[in-house]
Amino acid sequence: ESWVLGEACVQLARSSGAKVEYRKSLGATEIIYQALKQGSIDIYPEYTGTIRQVFLKQLPDATDADALEVLARDRLGMSYSLGFSDSYALAVPARVQGPQTLSDLNDYPDLRYVMNQEFVGRQDGWPGLAETYNLKPKNLSEMQHELCYTAIASNQADVINVYTTDAQIEKLGLRLLRDDKNYFSRYDCVWLYRADLPQRCPKAWAALQQLVGRVTEEQ
């Protein structure tokens with residue numbers, strides 16, 4: 001998803017006549033954020049839940065206004081939503097018929113969990129989720145995100161974490177477990193950018209606004 005959005009950013013900016021350097025796969029979220037703060041990059045797609053919880057170290061109910069205030073201290077800005085939210089969820093295949101909610105997982109301690117490595121390491125990921133729902137699976141493994149889908153498709157896993165806009169959810173017929181304690185906050189996709197970018201590159205910035213509010217979760 002980030003690659004698609006990055007490519008959209010590049011094409012929109014270039015359509016305005018701007019010269020664009022596109023750097024892909026810079027690494028983990030914290031690395032990209034530091035690159036933005038230091039001025040090594042000007043803009044990238046990010047998610048409001050990540051901004052509030054990972055960057056700002058605030059509670060999940062912190063508002064976008066709170067985020068904007070803190071970002072401004074680092075001379076950064078945040079656009080309005082591009083139109084969709086891509087949150088975290090746990091999913092099971094059709095063969096796992098019992099659990100419907102995250103709380104239900106406590107009734108099925110023998111299910112095999114496979115989680116992606118970033119999710120396991122983030123406080124707004126597995127650590128906080130396990131504490132909120134008192135989840136103590138007997139079998140928990142870590143893999144790269146795409147390998148989690150391979151594991152569940154080949155019956156090597158029963159529960160995986162997903163991003164709610166992943167195409168593999170529909171392709172593999174996975175069922176999202178309802179977050180009945182509302183642990184996960186919204187992760188609305190936005191442009192995160194250097195605050196002076198609109199002044200330095202006004203035409204490119206105007207072109208990028210064409211995507212704001214235009215992308216649906218289905219798309």
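These numbers come from a predicted model, not from an experiment.

**Q** Can you lay out helix α7 (residues 145–153) for me, pointing to particular residues and giving the numbers?
**A** Listing the buried residues of α7 in full gives H145, C148, Y149, A151 and I152. The buried side chains of α7 occupy one side of the element, clustering within an arc of 160° when seen end-on. Where α7 is buried, its residues touch β3 (88–92), β4 (112–116), β5 (139–143), β6 (159–163) and α8 (167–171). Downstream of α7 by one or two residues, N155 has phi in the positive range, about 60°.

**Q** A description of helix α4 (residues 64–73) should follow, citing residues and the corresponding values.
**A** Taken together, the buried positions of α4 are A67, V70 and L71. Looking straight down α4, one finds its buried side chains confined to an arc of 100°; they lie on one side. Pointing more than 90 degrees away from the buried face of α4 are the exposed residues A65 and R73. Taken together, the buried residues of α4 touch α2 (29–38), α3 (48–55), β2 (76–78) and β8 (189–194).

**Q** Residues and numbers for unusual backbone geometry, please.
**A** Here the phi dihedral of N134 falls at roughly 55°; this positive angle occurs in a residue that is not glycine. Classification of N134 by relative accessible area gives partly exposed; the value is 48%. For N155, which is not glycine, the phi torsion reads 60° and is therefore positive. By the secondary structure assignment, N155 is in the loop between α7 and β6. Take N155: its relative accessible area is 41%, and that puts it in the partly exposed class.

**Q** Describe the pairing of β6, listing the residues and the values that go with them.
**A** For β6, the tally of buried residues reaches 5 of 5 residues, placing the bulk of the element in the interior. The alternating pattern of β6 places V159, N161 and Y163 and I160 and V162 on opposite faces, both of which are buried. Sheet topology places β3 next to β6; 4 bridges connect them, and they run antiparallel. From the neighbouring strand, Y88 faces β6, where its bridge partner is Y163. Direction of pairing for β4 relative to β6: parallel, over a ladder of 2 bridges.

**Q** Describe the sheet that holds β2, listing the residues and the values that go with them.
**A** The strand order across the open sheet built from 3 strands is β1-β8-β2, with neighbouring strands paired in antiparallel fashion. The sheet is open, and its two borders are formed by β1 (43–47) and β2, each paired with just one other strand. Between one strand and the next, the sheet's axes are offset by a mean angle of 30°, whatever the strand orientation. Of the pairings in the sheet, the one linking β1 to β8 comprises 5 bridges and is antiparallel in character. Paired with Y44 across the bridge in β8 is L192. Against the sheet, helix α1 (residues 2–15) makes contact with β1 and β8, and its axis sits at roughly 140° relative to β1, the strand it touches most.

Scoring rules and cut-offs
Residues numbered from 1 in each chain as written. Predicted model: local features only at pLDDT ≥ 70, side-chain atom pairs only at ≥ 80, totals over all residues. Heavy atoms only, no water. Buried < 20%, exposed > 50% of the residue type's maximum accessible area, 1.4 Å probe, protein only. Helix = DSSP H or I, 4+ residues; strand = E, 2+ residues; numbered from the N terminus. Arc of directions from axis to C-beta. Contact = heavy atoms within 4.5 Å. Pairing = 2+ DSSP bridges. Axes fitted to C-alpha atoms, helices over the stretch in contact; angles between N-to-C directions.

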